[in-house]
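# Topology and contacts: notes
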Amino acid sequence: MTQSSLSTLFNGHSMVGPLERVLVCSPRAAGWDQPDRAKDWHSLGFRHAPDFATAQSQHDALCRELNSAGAEIFELPAAPDFSLDAVYTHDASLATDHGLLIMRPGKSNRLAEGPRHSSFCKTLDIPSLGAITSPGTTEAGDILWLGSDTLLIGQGYRTNRAGIERIRALLTPHGITVLSAPLPHGPGPGACLHLMSLISLLDDHTALVDLPWLAVETVELLKSRGFKFIEIDYSERDTLACNVLALGNNSLLAIEENKNTNARLRQAGFDIRTFPGSELCINGSGGPTCLTRPLLRT
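Residues numbered from 1 in each chain as written. Predicted model: local features only at pLDDT ≥ 70, side-chain atom pairs only at ≥ 80, totals over all residues. Heavy atoms only, no water.

### A short note on the overall build of the protein
Each helix and strand in the protein was counted, giving eight helices and 15 strands. Taking 2.2 N^0.38 as the reference for a compact globule, 298 residues should give roughly 19 Å; the C-alpha atoms of the protein span a radius of gyration of 17 Å, in line with that estimate. Viewed in the frame of its principal axes, the protein has a C-alpha envelope of about 45 × 45 × 40 Å. In the protein, which comprises 298 residues, the proportion classed as buried is 55%. Across the protein, every contact between residues at least 6 apart in sequence was considered, and the portion connecting residues at least 24 apart equals 71%. Total accessible area computed for the protein in this model is approximately 11700 Å², and 51% of it derives from carbon and sulfur atoms. Positive and negative charge centroids in the protein, built from 25 and 32 side chains respectively, lie 3 Å apart. (Helix = DSSP H or I, 4+ residues; strand = E, 2+ residues; numbered from the N terminus. Rg over C-alpha atoms; globule rule 2.2 N^0.38 Å. Buried < 20%, exposed > 50% of the residue type's maximum accessible area, 1.4 Å probe, protein only. Contact = heavy atoms within 4.5 Å. Areas by Shrake-Rupley, 256 points an atom, 1.4 Å probe, with all protein chains shown as cover. Lys, Arg positive; Asp, Glu negative; His and termini not counted. Charge placed at Lys NZ, Arg CZ, Asp CG, Glu CD.)

### Here we look at the layout of surface pockets
Sizing a probe to match a water molecule and rolling it over the atoms shows the empty space that remains. Within this model, the largest pocket holds a volume of roughly 590 Å³. Lining the largest pocket are 31 residues, and of these Cys192, Leu193, Ser197, Leu240 and Ser285 lie nearest its centre. Size it by volume and the second largest pocket reaches roughly 190 Å³. Surrounding the second largest pocket, 14 residues form its lining, Trp145, Leu146, Gly147, Asp204 and Phe227 being those nearest its centre. (1 Å grid on protein atoms, 1.4 Å probe; cavity = no way out; pocket = protein on both sides within 12 Å on 5 of 7 lines; lining within 4 Å. Points joined across faces, edges and corners; volume = space filled by probe spheres on them.)

### Details of the packing of aromatic side chains
Taken as a whole and assessed by the stated rule, the structure comprises one aromatic pair. Ring centres of Trp32 and Phe46 lie 5.5 Å apart, and the angle between their planes is 75°; this geometry places the pair in the edge-to-face category. Of this pair, Trp32 sits in the loop between β1 (19-24) and α2 (35-38) while Phe46 sits in the loop between α2 and α3 (52-68), and the two are 14 residues apart along the sequence. Note on Phe46: relative accessible area 4%, which makes it buried. (Phe/Tyr/Trp six-rings, centres within 6.5 Å; stacked < 30°, edge-to-face > 60°.)

### A closer look at the environment of Ala30
Its location among the elements puts Ala30 in the loop between β1 and α2. Spatially, the C-alpha atoms of Ala30 and Leu240 are 21 Å apart, while their sequence positions differ by 210 residues. With sequence-adjacent residues up to four places away left out, Ala30 is seen in contact with Cys25, Arg37, Phe82, Ser83, Leu84, Ala86 and Val87.

### A few points about empty space enclosed by the protein
For the coordinates displayed, the defined rule picks out two cavities of 30 Å³ or more. Taken as a whole, the largest cavity spans an internal volume of roughly 200 Å³. Those elements giving two or more residues to the lining of the largest cavity turn out to be β3 (93-96), β6 (143-147), β9 (199-203), β12 (245-248) and β15 (293-297). Here the lining of the largest cavity takes five residues from β15, the largest share from any one element. The residue makeup of the lining of the largest cavity, split by class, is 13 nonpolar, seven polar and two charged. Space inside the second largest cavity adds up to approximately 30 Å³. Contributing to the lining of the second largest cavity are His90, Asp91, Gly141, His194, Met196, Thr289 and Cys290. (Nonpolar A, V, L, I, M, F, W, Y, C, P; charged D, E, K, R; others polar.)

It is worth stressing that arrangement in space is one thing and function is another; only the former is reported here.
Given below as structure tokens:
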């Protein structure tokens, strides 16, 4: 297969183009129905013991919305070394125009996920560009494409300086500028606070933001690049209001619980698709972006 034909199977460098191919991992594949894994919910930061049937039903609803929006869905197979967190497929890999970057999560129970992403994506003819190695840690929830040649990475408890330098070394030869942004302490190391917990890109010029929690330099960087902000309803911060997936063509996917923020997005002219996320998203602190690993946007 030629490189030109391969490039139609995968890419990266955009978080807002029409979503064509996407990888997901269902609660069933992540072992939410297995007592030996479900018992770890508290140590993993979940709010309560998972309700598998409800979570699977909500994941099915997510996939129906993705399919209705025109995305081809691939499901990661179950694996014995997955934890409950594997359902949040966004974090373990990063799609680029040159192949998949394999992350090394800062949350140790997730270390097995990156290699699983790599091996599965090879069956889709998506090669790996490289992997993050110790002492580096990276999670793709901390990574935003600000344009086709600029990557912004949040440095915090899940993604460290060594991980950012490793990504820079892998991507600089391909003409990509890698910038870093400081993340706040927030609720502390045990909480899941990613850069994408505070920013969701909606189109090439608009970002949904949790503005009070963003560093000044990040706000100034986005404004310097022409981004306009829509602020979440702050009463919905704890229900992941800032976590919205761009589907392309002015369409977004959000969880239905955040009615006030979703109304703001509709008022701004966006078409909002929703699905219930009480168990699948809010319980484990992972919204629509977290649940999806985009592989191809056009």
